[in-house]
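Spelled out from the first residue to the last, the chains are:
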Amino acid sequence: LLSSRINFHKGKGRAYQFYGEYYLRKSDWGQLKLNLNKADSIYRVLGDELRLISVKNLYASYYMAIGDYEKALSEKIEVLKSYEKNGEKDKASKTIGSVGQLLAKLKRYDEAEEYYVKAISLKKEVNDRRGESVILTNLGAMLGEQGKYNEAQVYLEKALSIQKEFNDEVIIITCKANL
């Protein structure tokens, strides 16, 4: 790596992080962990909290991919706390929806619903209509799985009306399938 030759530690950490992202997409867990561990240790030495959080977010994606939802949830909650602390509302709005999804996978439905409702509010605040509709769809689908069809219908119809603005066929079909 050029970063090593010129002693540019931040660049070296980013290279390892990017390799980690690459191996995440390739489902090469050994290489993913190796590169994320290297990036993590470099960022710790540099005291780069934002980069550490992005590595933690990648670890959460890894844990989700292998089905370890408890670990993924733990990582995502730490990431969310950091985004909230640093006032990064857009990133927090994405992460809070992921927390809701993980809680739903763990069948912790009441908590999942709370996070989804918070995510919807935050998506509105950052004016992310597409993201809002995705969260509405997820919440509606989760409620439908629990047999709460009337509640589910309200959220799914809201999601559908938003998605018609974007003409996103996948989300429109998902909403209709859940109605």
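Coordinates for the structure precede this section.
Now for a look at the structure at hand. (Residues numbered from 1 in each chain as written. Predicted model: local features only at pLDDT ≥ 70, side-chain atom pairs only at ≥ 80, totals over all residues. Heavy atoms only, no water.)

## Focus: the side chain of Thr 95
Of note, Thr 95 is situated in helix α6 (residues 89–105). If we ignore the near neighbours within four places in the chain, the residues touching Thr 95 are Lys 76, Val 79, Leu 80 and Tyr 83. (Helix = DSSP H or I, 4+ residues; strand = E, 2+ residues; numbered from the N terminus. Contact = heavy atoms within 4.5 Å.)

## Things to note about helix α5 (residues 69–85)
The α-helix winds at 3.6 residues per turn, so residues separated by three or four positions along the chain end up facing the same way. End to end, α5 covers 24 Å across 17 residues, agreeing with the expected 24 Å (1.5 Å per residue, within 8%). Buried residues of α5: Ala 72, Leu 73, Glu 75, Lys 76, Val 79, Leu 80, Ser 82 and Tyr 83, and no others. In this structure, the buried residues of α5 make contact with α4 (49–65), α6 and α7 (109–125). At the exit of α5 stands Gly 87, carrying a positive phi of roughly 70 degrees. (Expected span 1.5 Å × (residues − 1). Buried < 20%, exposed > 50% of the residue type's maximum accessible area, 1.4 Å probe, protein only.)

## A word on the packing of α4 against α5
Axis separation between α4 and α5 bottoms out at 8 Å; the angle between their running directions is 155 degrees. What the angle tells us is that α4 and α5 run roughly antiparallel. Crossing angle aside, the handedness with which α4 passes α5 is left-handed. Of the residues in α5, those touching α4 at Glu 49, Ile 53, Lys 56, Asn 57, Tyr 59, Ala 60, Tyr 63 and Met 64 are Tyr 69, Lys 71, Ala 72, Glu 75, Lys 76, Glu 78, Val 79, Ser 82, Tyr 83 and Lys 85. For the contact of α4 with α5, the per-class residue count stands at nine nonpolar, two polar and seven charged. (Axes fitted to C-alpha atoms, helices over the stretch in contact; angles between N-to-C directions. Parallel < 35°, antiparallel > 145°, perpendicular 65-115°, else oblique. Left-handed = near helix turned anticlockwise from the far one by under 90°. Nonpolar A, V, L, I, M, F, W, Y, C, P; charged D, E, K, R; others polar.)

## What to know about α6
The terminal C-alpha atoms of α6 lie 24 Å apart, and with 17 residues this matches the ideal 24 Å at 1.5 Å per residue to within 8%. Buried residues of α6: Ala 92, Ser 93, Thr 95, Ile 96, Gly 97, Ser 98, Val 99, Gly 100, Leu 102, Leu 103 and Ala 104, and no others. Packed against the buried residues of α6 are α4, α5, α7 and α8 (129–145). Phi for Lys 107, located one or two positions after α6, is positive at around 60 degrees.

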